[in-house]
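# Summary of structural features
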Amino acid sequence: MSLLPALLLFLHLLAAAFWVGGMATMHFAVRPAAVAHLEPPLRLPFMAAALSRFFVGVSTAIGVLLASGLLLVWAAGGFARVHWSVHAMFTLGLVMMALFLHLRFAPYPRLLRAVAAGQWPVAAANLNLIRKLVATNLTLGVLVFALAVVGRAL
Ligand code: HEM
């Protein structure tokens, strides 16, 4: 592999690791710890603040993933020339991005508004919806890793 595709793959893998690893950290460590140790008036603003910071990174990671992925496809000669696993990665990646855009622009702003108004049950309901969407994206992300790496051998 020459230098440019190697650099693109490096950026691609860094962005994928940040997004999928970040979702795992939020889902398996940050949220359960907040539920165990903080009451709703502290927990919900804390989770909103943690998500706000994480989502900036996810938006950046998505831009890098798409740009580097499409450039890698271009460098390989276009979609007609790449393995089926890249088509599957692209399709599932677009589904993951659509789910992120939905949670970023629907339940997340509702969570922020409810937290600002001190409406804890509304905030908790929206956070729960975000949790389910993140769990779905985490599952899809692991599937994409499996497809991208193991799928190449099939
Ligand atoms: C949505 C647009 C995406 C496009 C166009 C794309 C495209 C590509 C391409 C062309 C490669 C190089 C494949 C090869 O050299 O055989 C690649 C590698 C890879 N991609 Fe993606 N990808 C996308 C999204 C994702 C996502 C969302 C993830 C993970 C969450 C991901 C994880 C990986 C991994 C782990 C590899 C390394 C495979 C290997 O070299 O063994 N990609 N991607």
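Reading guide: rules and limits
Residues numbered from 1 in each chain as written. Predicted model: local features only at pLDDT ≥ 70, side-chain atom pairs only at ≥ 80, totals over all residues. Heavy atoms only, no water. Helix = DSSP H or I, 4+ residues; strand = E, 2+ residues; numbered from the N terminus. Buried < 20%, exposed > 50% of the residue type's maximum accessible area, 1.4 Å probe, protein only. Polar contact = N/O pair within 3.5 Å; in protein donor to acceptor, adjacent residues only side chain to side chain. Contact = heavy atoms within 4.5 Å. Phe/Tyr/Trp six-rings, centres within 6.5 Å; stacked < 30°, edge-to-face > 60°. Donors = N, O, S within 2.8 Å, 3.2 Å for Na, K, Ca; no water. Tetrahedral: all angles 85-135°; square planar, octahedral: opposite > 155°, others 65-115°. Expected span 1.5 Å × (residues − 1). Bend = angle between axes of the 7 residues up to and from the residue. Near = heavy atom within 4 Å. Nonpolar A, V, L, I, M, F, W, Y, C, P; charged D, E, K, R; others polar.

An unreviewed UniProt entry annotates the protein chain as CopD family protein of Variovorax ginsengisoli.

For the rest of this paragraph, the subject is the side chain of Ser68. By secondary structure assignment, the location of Ser68 is in helix α2 (residues 40–75). Note on Ser68: relative accessible area 3%, which makes it buried. Looking at Ser68, its side chain comes within polar contact range of the main-chain oxygen of Leu65, at 3.3 Å. Beyond its immediate stretch of four places on either side in the chain, Ser68 contacts Leu8 and His12.

Following the criterion strictly, the structure yields five aromatic pairs and no others. Here the aromatic rings of Phe55 and Phe100 are separated by 5.4 Å at their centres, their planes lie at 85 degrees, and the arrangement is edge-to-face. Remark: Phe100 occurs in helix α3 (residues 84–105) and Phe55 occurs in helix α2; sequence separation between them is 45 residues. The buried category is assigned to Phe55, whose relative accessible area is 4%. For Phe100, a relative accessible area of 4% corresponds to the buried category. Summarising the aromatic geometry, the rings of Phe55 and Tyr108 are spaced 5.0 Å apart at their centres and angled 75 degrees between planes, so their arrangement reads as edge-to-face. Linking Phe55 in helix α2 with Tyr108 in helix α4 (residues 107–117), this pair joins segments that are 53 residues apart in sequence. Taking relative accessible area as the criterion, Tyr108 reaches 7% and is therefore assigned buried.

Before going further, it helps to spend a moment on the coordination of the iron atom of the ligand. Bound to the iron atom of the ligand on the protein side are His12 (NE2) and Met89 (SD), at distances that span 1.9 to 2.0 Å. With six donor atoms in place around the iron atom of the ligand and angles of 88 to 179 degrees between them, the coordination shape is octahedral. One end of the pair, His12, is in helix α1 (residues 3–37); the other, Met89, is in helix α3, and 77 residues separate them in sequence. Relative accessible area serves as the criterion here: at 13%, His12 is assigned to the buried category. Overall, the relative accessible area of 21% leaves Met89 in the partly exposed class.

On to α1, then. When the terminal C-alpha atoms of α1 are compared, their 48 Å separation across 35 residues agrees well with the 51 Å that a helix rising 1.5 Å per residue should span. Roughly 40 degrees is the biggest bend found in α1, and it falls at Met26. Listed as buried for α1 are Pro5, Leu8, His12, Ala15, Ala16, Trp19, Val20, Gly22, Met23, Met26, His27 and Ala34. Those residues of α1 hidden inside the fold are in contact with α2, α3 and α5 (120–149).

Right, let's get into the site of the ligand. Surveying the vicinity of the ligand reveals 19 residues, the closest of which are His12, Leu13, Met89, Val144 and Arg152. His12 places a side-chain nitrogen or oxygen 2.9 Å from a nitrogen atom of the ligand. In this structure, an oxygen atom belonging to the ligand sits 2.9 Å away from a side-chain N or O atom of Arg152. Where the shell around the ligand is concerned, the elements lending two or more residues are α1, α2, α3 and α5. In terms of residue class, the shell around the ligand is made up of 15 nonpolar, three polar and one charged.

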